[in-house]
Every structure is written in structure tokens, then in C-alpha cells.
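Understanding the architecture of this molecule
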Number of protein chains: 2
Amino acid sequence: MSTSPTDGIPLTVGNSRVKEARKLSRRSVRTERRLFLADGPKAVEGALSVEGCVVEVFATQGAQAQYADLLDGTPVTLVDDRALASLSDSVSPAGLVALCRHIDSPLAHVVTVAPRLLVICADVRDPGNAGTVIRTADAAGADAVVLAGQSVDAYNPKTVRATVGSLFHLPFAVEPDPAAAVRAAQQRGLTVLAADGAGEVDLFDADLSGPTAWLFGNEAWGLPDELAALADQRVAIPIHGRAESLNLSTAAAVCLYASARAQRSPR
Amino acid sequence: MSTSPTDGIPLTVGNSRVKEARKLSRRSVRTERRLFLADGPKAVEGALSVEGCVVEVFATQGAQAQYADLLDGTPVTLVDDRALASLSDSVSPAGLVALCRHIDSPLAHVVTVAPRLLVICADVRDPGNAGTVIRTADAAGADAVVLAGQSVDAYNPKTVRATVGSLFHLPFAVEPDPAAAVRAAQQRGLTVLAADGAGEVDLFDADLSGPTAWLFGNEAWGLPDELAALADQRVAIPIHGRAESLNLSTAAAVCLYASARAQRSPR
């Protein structure tokens, strides 16, 4: 177990370091300080796998003992249960929260790694949806994610939690201009496919074998026409029943796994 | 526009009919009375498409005017904004809530329609997940859904909302014993596939062309071993990146669309 700078004296909820960390629940503070909180063992494990990401880990004595292997070699700041709960977004906190540096990459870097499968989210507003798309992108073997336009903050605690560690597994960029993300992908030779219920190509008729960037829109209103028009094709998932559409994260899962299948085992 | 029994005198939040309807926010009351509330135009439209489902629609004057076509011929009870909000689970209520009779079918009926694609959810606890799975089942053209075991109430307002109308589009059964649902599907000639991250068959190697029942487990702990063992095969979605798993509704989407594709355009 690592030696804690506060060994034996857990910090309380009123402690100034705890208070400062708690301010990171606000997006403006996260953005200004380029810091965020990663809550729970999966997120802390993910954060620790990224070199230079973790500043310190706040943990209760119980969690420090329970996760001794995970925390080995990491600076741990002991806090009491109430202080930990004040840093956690979870209903039942697991007892450890990492204070992390931002880890997003520039758009240019994300496209320069010459991905075969890239995900661009435009104006995705719900933190759970954004996190689930990142988790699904990771599972499907995507190379990177771009959160574009007015998308939710990647470092929102609900987003981080919904990624279940995947936020730390693949590079992602934050790009205010979705059109710039589309053009950057095209300039690197990726075919940009807009997921669009009114699209002209059926997903299962589309040629998905080449390098592809999927463009997903807002959960309520989809993609603006002018952005969808920039894509090389607009692709619709077939609706066989009476549902009007799929929700964003399930639609992304179907598209990304269709790509993964076509790229990895063409048949 | 239909003539309302309360034309001109909107009921208030303290009215006894409004109070009685509000009690349906409790599962025990829903179960006892075999009634539930369907909130918003999509859900009301779905409910009205099922003969005998809607008892009455509570609507504000604004909504009655806005949705006059939808409500034509339906008994409308006018309520004021506060009364409507007290019946709605939504942050921004759309102004209309239908009081509906339960519409679940017996398990025997659901399997007797000889489905080609059936969805069995065992112990799915999150209302949003259950609703999203029902919506996705509808979109993928599944014939029916079984909510089995200790699954969330299909009539939970959050479940109803997450289905976006699909609760009313395809038959569903509520069956306390998941094993009974599996056996009933097998007796009707369906191959039961358990979605299981540790499954012995890769999804994209599985033969999905025949009549299939997908068995999905709890969002946190998956399927109990003894239930998964009853399935004909245990099928894993390949994980290409570093994610440990997919979440329930995205996993269901990938599986159901793989089935829809294999059944509808074998190639």
C-alpha cells in the first residue's frame, strides 16, 4: 500500500483541498483548471493507465485497503466518508475518486493517427448518451472519438461514469466546429457516413469495409441538414417495426458494430 | 375536437379523479387496478392505437387544441397545468396523459403467435434500459417481448417514456419465472440464444437465420449461470477494444439487428 500524505488523518468535508476538488463539479472550473474527477474503481483504473493523468486519488480508509493493489504507487489522500461522498456523483460511492488532468487530444492528432474507424458526435447533449457512445466505440474497436459542436463536456461526471473506463482507453478530441471534424476526416481519406434516419443508403447495403468516420447527431433533432450534406453518404438503419427511430446510443452501437464486422471479417 | 365531460372547467390538482390517477405512480396501485399512465403525444398516440387500452385522456386546454386530431373521438378530461404536471413524470410535460388499461399478454399467447424473433429480458431493473430494449425490439422487427423474473414494471412511467410508443406496438408478456419463458420459446421451436460476454459463440459466427429468442440478463450482473445454461447457445458480442462489455441496451441492439439482418437478407 502506498504511504499517504495524510496517513491516519482523513480529511473532512470542510477541508480546503476537498473543497477545491469539489468545485470540479462545475464545467467552467473543469475547463479553466483542465482538471476533472474520475469516480470509482473502473474510472480510477482507467485514469491510472494513462501516463500523467492522475494528480492524486482521494480514498476512504476502507477503499484504500480494498483497492490496495490498484493504488499501489499512487499518491492517496485519505478522506472520510462524507468528504468522499461530496466528491462523488454516485448514489453509492465506491470510496475512491481520482483528481485527473484533462486528456483530450487536438483534432489534428486524432485524425493523424490514420484511424480506420472514427466516431464524430455532433451536439450530443446527454452525458449518459455521450459516455455510452464512447464505451461502445471502445468495444467496437474504434480508434478515436471527436466530441464536436455543442456536445456535452466529456469530463462531466455522468459522462465519465457512463464510459465505464473507456474515456481513458481511446484518444478523443473536443472540436467546436463539427464541419471541421468532418473535413479533417475526409482529408485523411476516411469516408464520412452520417447516421440519418432519412438517409439514402440502407446500413446493410453500405460498403463499410474501408476507413470510415461515423457522424452522429443530437439525440432529439439529429443532424442539421447542412452538416449531413457534408458527409459522403447518409446512412439509415432499417426500421422493420413501427418504431420511428432508435435512440442515439443504440443506433451508434448498430452502426459501429456493422463497421467492425465489415472491416474485420469481410464476408 | 371531442366534447369533454369537463368542458370549460379544468380539474385542479386537488380534484379526486386527478388524485386517483396520480396514485398510479405507485407500482402496487398500478398492479392492483391494472391501470397505468401514458405521458405525452407519442405514448398517447400509441395507446390510442390499441383497441380498448385508453380509458380517458387528461389534457390541458392548450394540448387539447394542439392535439385535436389525435384526440378526436377520445374522452378528454380537461385539467389545469398543475394537475397535468402532477400526473406527468416529465420535466416539461407536453400537456396530455392517457389513463390506460394494462395491455400485457399471457406468455402462452406471446409464444403461440409463433414468433421468428422474440426478446426475453431477465431481471432487467432499470426502467430506461427496459424501455430502450422494447423500442429497439420494435425497430428490429421483433415479434414480442417477455419481461421475466424480477424485471422492472413495464408500466413504470420511465419505462413507458423510454419506449417512445413502442410499448403499444408489439405484444409483451410479464413472466415471473425466466426459465419458464425459455422453455416456452424452445417448445415453440425457437432457438434460445443467451447474450453472455463469456459465451462460447461469437455473435458474427452464430447462425441467426432461424426463429430465435434472445435472452438478456440484468444490467449489472448479467445472466445467472443456471439460466444461461438453459439456452441453446451462449453468444458473445466481440469486444475489439479495451472495454469490458457493452451496456444492456446497446448489446441488445447489436444482437437484435444481427438477427434482423440474418433473417431478412441472408447473405
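Residue positions are counted from 1 within each chain, in the order its sequence is given. Throughout, the order in which chains and ligands are written sets their labels, letters from A for the former and numbers from 1 for the latter. Selection of residues for local features in this predicted model requires a pLDDT of at least 70, selection of side-chain atom pairs for listing and counting requires 80 or more, and totals for whole chains, interfaces and linings are taken over all residues. Calculation of side-chain values draws on the structure's entire complement of heavy atoms; hydrogens and water are dropped beforehand.

**Considerations on the pattern of salt bridges**
- In what follows, salt bridge is the name for a side-chain nitrogen of Lys or Arg lying within 4 Å of a carboxyl oxygen of Asp or Glu. Applying the stated rule across the entire model yields 18 salt bridges over all chains.
- Put simply, Arg34 of chain A and Asp104 of chain A hold a salt bridge, and the shortest N to O gap is 3.6 Å. On the criterion of sequence distance, the pair formed by Arg34 of chain A in the loop between α2 (27–33) and β1 (35–39) and Asp104 of chain A in the loop between β4 (96–101) and α7 (107–112) is long-range, its members being 70 residues apart.
- For Arg34 of chain A, a relative accessible area of 41% gives the class partly exposed.
- The partner of Asp177 of chain B in a salt bridge is Arg183 of chain B, and the shortest N-O contact between them spans 3.9 Å.
- Accessible area is worked out with a 1.4 Å probe on protein chains only. A residue is then buried under 20% of its type maximum, exposed over 50%, and partly exposed in between. A relative accessible area of 33% means that Asp177 of chain B is categorised as partly exposed.
- Note on Arg183 of chain B: relative accessible area 40%, which makes it partly exposed.
- One connected set of salt bridges, linked through shared partners, spans Glu20, Lys23 and Arg33 of chain A. Secondary structure elements follow DSSP: runs of H or I no shorter than four residues count as helices, runs of E no shorter than two count as strands, and numbering proceeds from the N terminus.

**Regarding the pairing of strand β6 (residues 144–148) of chain A**
Residues and elements named next belong to chain A.
- The element β6 is largely enclosed, with a buried count of five among its five residues.
- Strands pair, by our definition, only if DSSP identifies at least two bridges between them. Pairing geometry for strand β5 (residues 117–122) and β6, over five bridges, is parallel. For Ile120, the partnering residue across the bridge sits in β6 and is Val146.
- Here is how to tell: hold the view so the strands point away, follow the path from the first strand over the helix to the second, and if it runs clockwise the crossover is right-handed. As a crossover connection, the stretch from β5 through helix α8 (residues 127–139) into β6 is right-handed.

**Some words on the domain arrangement of chain A**
Residue and element names in this part refer to chain A.
- Domain boundaries shown here were taken from an automatic or database domain assignment. On domain assignment, one finds that chain A holds domain 1 (16–101) and domain 2 (107–264).
- Here the C-alpha centroids of domain 1 and domain 2 sit 29 Å apart.
- Listed as interface residues are 14 residues of domain 1 and, on the opposing side, 13 residues of domain 2.
- With a shortest N-O distance of 3.3 Å, Arg161 and Asp89 are connected by a salt bridge.
- Contacts described as polar in this section are N or O atom pairs within 3.5 Å, which, within protein, must combine one atom able to donate a hydrogen with one able to accept it, while residues neighboring in sequence count only if both atoms come from side chains. Between domain 1 and domain 2 we count three residue pairs in polar contact (both at pLDDT 80 or more) in total.
- For the side of domain 1 that touches domain 2, the secondary structure elements donating two or more residues are α2, β1 and α3 (41–48).
- Among the elements that make up the side of domain 1 that touches domain 2, the one with the highest residue count is α3 (four residues).
- Side-chain classes are defined by residue name, with Ala, Val, Leu, Ile, Met, Phe, Trp, Tyr, Cys and Pro counting as nonpolar, Asp, Glu, Lys and Arg as charged, and the others, Gly among them, as polar. Considering only residue class, the side of domain 1 that touches domain 2 consists of seven nonpolar, three polar and four charged. By the convention used here, residues are in contact when the closest approach between their heavy atoms is within 4.5 Å.

**A look at the packing of helix α12 (residues 248–264) of chain A against helix α12 (residues 248–264) of chain B**
- Across the interface, α12 of chain A lies against α12 of chain B with an axial gap of 8 Å and an inter-helix angle of 55°. Relative to α12 of chain B, the element α12 of chain A lies oblique. Crossing handedness for the pair α12 of chain A and α12 of chain B: right-handed. Residues Ser249, Thr250, Ala253, Val254, Tyr257 and Arg261 of chain A of α12 of chain A form the contact with α12 of chain B, whose participating residues are Ser249, Thr250, Ala253, Val254, Tyr257 and Arg261 of chain B.
- A per-class count over the contact of α12 of chain A with α12 of chain B returns six nonpolar, four polar and two charged. Note on geometry: axes are lines fitted to C-alpha atoms, helical ones only across the stretch in contact, with angles between N-to-C directions running from 0 to 180 degrees. Each angle is binned into one of four classes, with values under 35 degrees roughly parallel, values over 145 roughly antiparallel, values of 65 to 115 roughly perpendicular, and all other values oblique. Note on convention: near helix rotated counterclockwise from far helix by under a right angle means a left-handed crossing. Clockwise means right-handed.

**Things to note about the interface of chain B and chain A**
- Taken together, the 34 residues of chain B in the interface contact 34 residues of chain A.
- Here chain B and chain A share an interface that buries about 3000 Å² over both sides, 55% of which is from carbon and sulfur atoms.
- Seen at the junction of chain B and chain A, the total is two salt bridges.
- The tally of links between chain B and chain A comes to 22 residue pairs in polar contact (both at pLDDT 80 or more).
- Listed by contribution, the elements that provide at least two residues to the side of chain B that touches chain A are α8 (127–139) and α12 of chain B.
- With eight residues, the top contributor of residues to the side of chain B that touches chain A is α12 of chain B.
- In terms of residue class, the side of chain B that touches chain A is made up of 13 nonpolar, twelve polar and nine charged. The term buried area means the drop in 1.4 Å probe accessible area that two parts suffer when joined, counted for both and summed.

**Some words on helix α10 (residues 178–187) of chain A**
Residues and elements named next belong to chain A.
- Here α10 has its buried residues at Pro178, Ala179, Ala181, Val182, Ala184 and Ala185.
- The N-cap residue of α10 is Asp177: its side-chain oxygen and the backbone nitrogen of Ala179 are 3.0 Å apart.
- The positive-phi residue at the C-terminal boundary of α10 is Gly189, with phi of around 90°.

**A look at unusual backbone geometry**
- Of note in the backbone geometry, Val164 of chain A takes a positive phi value of approximately 50° without being a glycine.
- Mapped onto the fold, Val164 of chain A is located in the loop between α9 (157–163) and β7 (172–175).
- Positive phi values are uncommon outside glycine, yet Arg34 of chain B reaches one of about 55°.

**Details of the sheet that holds strand β9 (residues 201–202) of chain A**
Residues and elements named next belong to chain A.
- Here seven strands make up an open sheet; going across it, the order is β7-β6-β5-β10-β8-β11-β9 and the pairing parallel. The open sheet has two free edges, formed respectively by β7 and β9, since each of these has just one partner strand.
- Of the pairings in the sheet, the one linking β9 to strand β11 (residues 233–236) comprises two bridges and is parallel in character. What sits directly across from Asp202, in β11, is Ala236.
- The sheet strands contacting α12 are β5, β8 (191–195) and β10 (212–216), and the helix crosses β10 at an angle near 170°.

**Some words on empty space enclosed by the protein**
- Only protein atoms enter the 1 Å grid used here. Points where a 1.4 Å probe fits but cannot escape make up a cavity, open sets with protein on both sides within 12 Å along at least five of seven lines make up a pocket, and a residue lines them when an atom lies within 4 Å of a point. Grid points are joined across faces, edges and corners, and a volume is the space filled by probe spheres set on the points. One pass over the structure, following the stated rule, counts one cavity of 30 Å³ or more.
- Put simply, the largest cavity is a space of about 80 Å³.
- Elements with a minimum of two residues in the lining of the largest cavity: α12 of chain A together with α12 of chain B.
- Taken together, the residues that form the lining of the largest cavity break down as ten nonpolar, no polar and two charged.

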